Amino acid sequence: MFEKFQPAKADPILGLSKIFQADPRTEKIDLGVGVYKDDNGITPVMSSVKKAEARLLQEQNSKAYVSLAGAELFRDQMRDLVLGDAVAADRVATLQTPGGTGAIRQIFESMKVLNPDCTIWISDPSWPSHMSMATHMGFKIRGYSYFDNETRLVDTAAMMASFQDLKAGDLLLLHGCCHNPTGANIDIDTWKAITDLVIEKGAMPFIDIAYQGFGDGLDQDAAPLRYMASRVPEMFIAASCSKNFGLYRDRVGIAMIIAKDASTAELVQGNLAVLNRLNYSFAPDHGAAVVGMILADADLRAEWMAELEQMRMTMLTIRQDLANALRQQCNSDHFDFIAHHRGMFSRLGLNAEQVLSLREDHGMYLVGDSRINIAGLAGKRHLPFAIAVAKVAAVS
Ligand code: LMR
C-alpha cells in the first residue's frame, strides 16, 4: 500500500539546508533556516543553558514521567515570562509541548473540538507551516493582507480591511513579534484596533510568539500580546523556547489558553492534558526542565537575559550594517527598510529569478520568497552579500 504515497515535497525552509550542505563552494552563505549563528557560523549552546544542564545532571534522581500537561515549574515560569501580570494566573491553562510547533498543533486540535467549521485567518505571507498544518487538519483557511511589497512594511489599511469579514468563532492567527518571514511588525495602535475588532466580532485571537527577546527586548516584544490578553475574554498563545533559549533540537514549547474565568480554565486544563495523551502522551522533559530552572534561579536568569540581549544586539547591528552596505553598493535607499525590520528575518522583495541567481551564481542561500536569516550574516558576511544583491537587483 505504501506506493500510494506521493513523492514528498521538499520543505520550503528545511529543504534549502540540504542543497546548501551539498554546495562545495567555501564562500557560500546560509541565510535559510531560522537558527542564530555566531561569527563562525556556529549555533552555540548558551552558557546559562550549559550551567542548568550540568546542575540537572547532578540533581536529577529520576526519569519517571512528569505530569501529562508537563512540568509545573516550566509552565508557570513561561506563563509569567510571556504574559507578565496581564491576566490573573488562574485564568490561564498551560500545556508543555514539543516546540512551538507542537503548541500550534495542540491549539488547532483544540479548535477541532471547539469549532471545527471555523475559518483560520493567516497573514499573507506567514511561516509556511501555519498554512500547511491548518490545511492538513482540514480547516478552512483565509489569508489576510499583511505586507506591502513596495514599502516592505505592514499594509495596515489593507490588513484592517481584510478583517472586516472575520466571523464569530473564527481563529485569527497573529505573530506576537518579529513577523516570520517579513520582519515587518504591526504597530501598537493597530494592535489596539485589532483588539477592539476581535472583541466586537467575537473572533478568537491566537498569538504565536516564537521570537520573544529577538526584536526590541523581552518585555517590549510581549507588550502587544499582553495588551490584547488584558482585554479579551479568551485567547490562545503558542510560545517557543527554540530561539530565545537556543534549545532548537530539544523541542521546548508551550500552549496557553486564557479562559474567561478560573473555573473554565480548570476545565480547559484537563482537556489540554488529554490532548497530549491522545497525540504523544508526554512532551520531552529535558529542555523544559532547563528552561524552568533558568527562569526560577536569579543568577541563571540574569545570565540568560544578558546572553539573549547580546544576540538581539548582534542582529540589530547586522541589520544596520547591511542596510548601510546596500545603500553604498546600490547607490540607493531602497533597502533601508532592513534596519527598521525586527527579529531574525527580513523579506527583501527579490523575485524568484534573483533569489535563484544569488544561490547559483553567488552561493547565497535565501528562502524562495527572498527571506533572509539576519544571523546568517554574522562575521561580516553582510559585505559579500550586499555586493551580490547589488549585482542581481538593479534598484533605483
Ligand atoms: C524558520 O522559520 O526558519 C524556523 O521557524 C524553523 C522552522 O521550523 O521552519
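Residues numbered from 1 in each chain as written. Predicted model: local features only at pLDDT ≥ 70, side-chain atom pairs only at ≥ 80, totals over all residues. Heavy atoms only, no water.

A word on the domain arrangement of the protein
Splitting the protein by domain gives domain 1 (2-45 + 313-392) and domain 2 (65-296). The straight-line distance from the C-alpha centre of domain 1 to that of domain 2 is 27 Å. Tallying the contact residues gives 20 residues for domain 1 and 19 residues for domain 2. Buried surface at the junction of domain 1 and domain 2, summed over both partners, amounts to about 1,700 Å²; 59% is from carbon and sulfur atoms. (Domains from an automatic or database assignment. Contact = heavy atoms within 4.5 Å. Buried area = accessible area lost by both parts, 1.4 Å probe.)

Regarding helix α4 (residues 99-114)
An α-helix turns once every 3.6 residues. As a result, residues three or four positions apart point the same way. Under the 1.5 Å per step criterion, the end-to-end length of α4 is 23 Å for 16 residues, consistent within 8% with the ideal 22 Å. All buried positions along α4 are accounted for by Gly-99, Gly-100, Gly-102, Ala-103, Ile-104, Gln-106, Ile-107, Phe-108, Glu-109, Ser-110 and Met-111. (Helix = DSSP H or I, 4+ residues; strand = E, 2+ residues; numbered from the N terminus. Expected span 1.5 Å × (residues − 1). Buried < 20%, exposed > 50% of the residue type's maximum accessible area, 1.4 Å probe, protein only.)

Here's the deal with the pattern of salt bridges
Two side chains bearing opposite charge may form a pair once their charged atoms approach each other closely. Considering all chains together, one arrives at 14 salt bridges under this definition. Across the pair Asp-80 and Arg-79 runs a salt bridge, and its minimum N-O distance is 3.2 Å. On the accessibility criterion, Arg-79 (14% relative accessible area) is buried. For Arg-231, the salt bridge goes to Asp-196, with nearest N and O atoms at 2.8 Å. Taken together, the positions of Arg-231 in helix α8 (residues 218-231) and Asp-196 in helix α7 (residues 188-201) put the pair 35 residues apart, joining distant regions of the chain. Here Arg-231 falls in the partly exposed class, since its relative accessible area comes to 34%. Residue classification places Asp-196 among the partly exposed residues on the basis of a relative accessible area of 41%. Bridged by salt links that share partners, the residues Asp-76, Arg-79 and Asp-80 form one connected network. (Salt bridge = Lys/Arg side-chain N within 4 Å of Asp/Glu carboxyl O.)

Structural notes on helix α11 (residues 298-330)
Compared with the 48 Å implied by 1.5 Å per residue over 33 residues, the 48 Å span of α11 between its first and last C-alpha is a close match. Structurally, the start of α11 carries an N-cap: the backbone nitrogen of Asp-299 is 3.0 Å from a side-chain oxygen of Asp-297. Looking at the residues trailing α11, positive phi occurs at Asn-331, about 55°. (Polar contact = N/O pair within 3.5 Å; in protein donor to acceptor, adjacent residues only side chain to side chain.)

Topic: the sheet that holds strand β9 (residues 235-240)
Taken in spatial order, the seven strands of this open sheet run β2-β10-β9-β8-β7-β3-β4, and their pairing is mixed. In this open sheet, the two edge strands, each paired with only one partner strand, are β2 (92-97) and β4 (140-145). Neighbour to neighbour, the strand axes of the sheet diverge by 20° on average, direction disregarded. Looking at chain direction, β2 and strand β10 (residues 253-258) are connected through six bridges and run antiparallel. When the sheet's bridge partners are listed, Leu-95 is paired in β10 with Ala-255. Along the sheet, α4 makes contact with β2, β3 (119-124), β7 (171-175), β8 (204-209), β9 and β10, crossing β9 at roughly 160°. Sheet contacts for helix α9 (residues 262-279): β2 and β10; angle to β2, the most-contacted strand, approximately 15°. (Pairing = 2+ DSSP bridges. Axes fitted to C-alpha atoms, helices over the stretch in contact; angles between N-to-C directions.)

Some thoughts on the site of the ligand
Around the ligand sit Ile-13, Val-33, Gly-34, Trp-127, Asn-180, Tyr-211, Lys-243, Phe-345 and Arg-371, and those are all the residues in its vicinity. Within the side chain of Trp-127, one N or O atom sits 2.9 Å away from an oxygen atom of the ligand. Here the ligand has 260 Å² of accessible area as a free molecule, and 80% of this is covered by the chains. Considered class by class, the residues forming the shell around the ligand number five nonpolar, two polar and two charged. Residue contributions to the shell around the ligand reach at least three from each of two domains, namely domain 1 (2-45 + 313-392) and domain 2 (65-296). (Near = heavy atom within 4 Å. Areas by Shrake-Rupley, 256 points an atom, 1.4 Å probe, with all protein chains shown as cover. Nonpolar A, V, L, I, M, F, W, Y, C, P; charged D, E, K, R; others polar.)

Description of a nonpolar patch on the surface
Residues Met-1, Phe-2 and Phe-5 make up a contiguous nonpolar surface patch of roughly 490 Å² in combined accessible area. Counting through the fold element by element, Phe-2 comes out in the segment before α1 (14-22). Residue Phe-2 is classed as exposed on the basis of its relative accessible area, which comes to 69%. (Patch = residues over 30% accessible without salt bridge, like charges linked within 9 Å, V, L, I, M, F, W, Y side chains within 5 Å.)

Details of the packing of α11 against helix α14 (residues 382-392)
In the contact formed by α11 and α14, the axes pass within 9 Å of each other and the chain directions differ by 40°. It follows from the interaxial angle that α11 and α14 lie oblique. The chirality of how α11 crosses α14 is right-handed. In this structure, α11 uses Asp-321, Leu-322, Ala-325, Leu-326, Gln-329 and Cys-330 to contact α14, whose residues at the interface are His-382, Leu-383, Phe-385, Ala-386, Ile-387, Val-389 and Ala-390. In terms of residue class, the contact of α11 with α14 is made up of 10 nonpolar, two polar and one charged. (Parallel < 35°, antiparallel > 145°, perpendicular 65-115°, else oblique. Left-handed = near helix turned anticlockwise from the far one by under 90°.)

Some details on the environment of Ser-110
Residue position: Ser-110 is located in helix α4. The buried category is assigned to Ser-110, whose relative accessible area is 8%. Linking Ser-110 and Ile-257, residues 147 residues apart in sequence, is a C-alpha distance of 9.9 Å. Once you skip the residues sitting within four places of it in the chain, Ser-110 turns out to touch Phe-236, Ile-257, Leu-272 and Leu-275.

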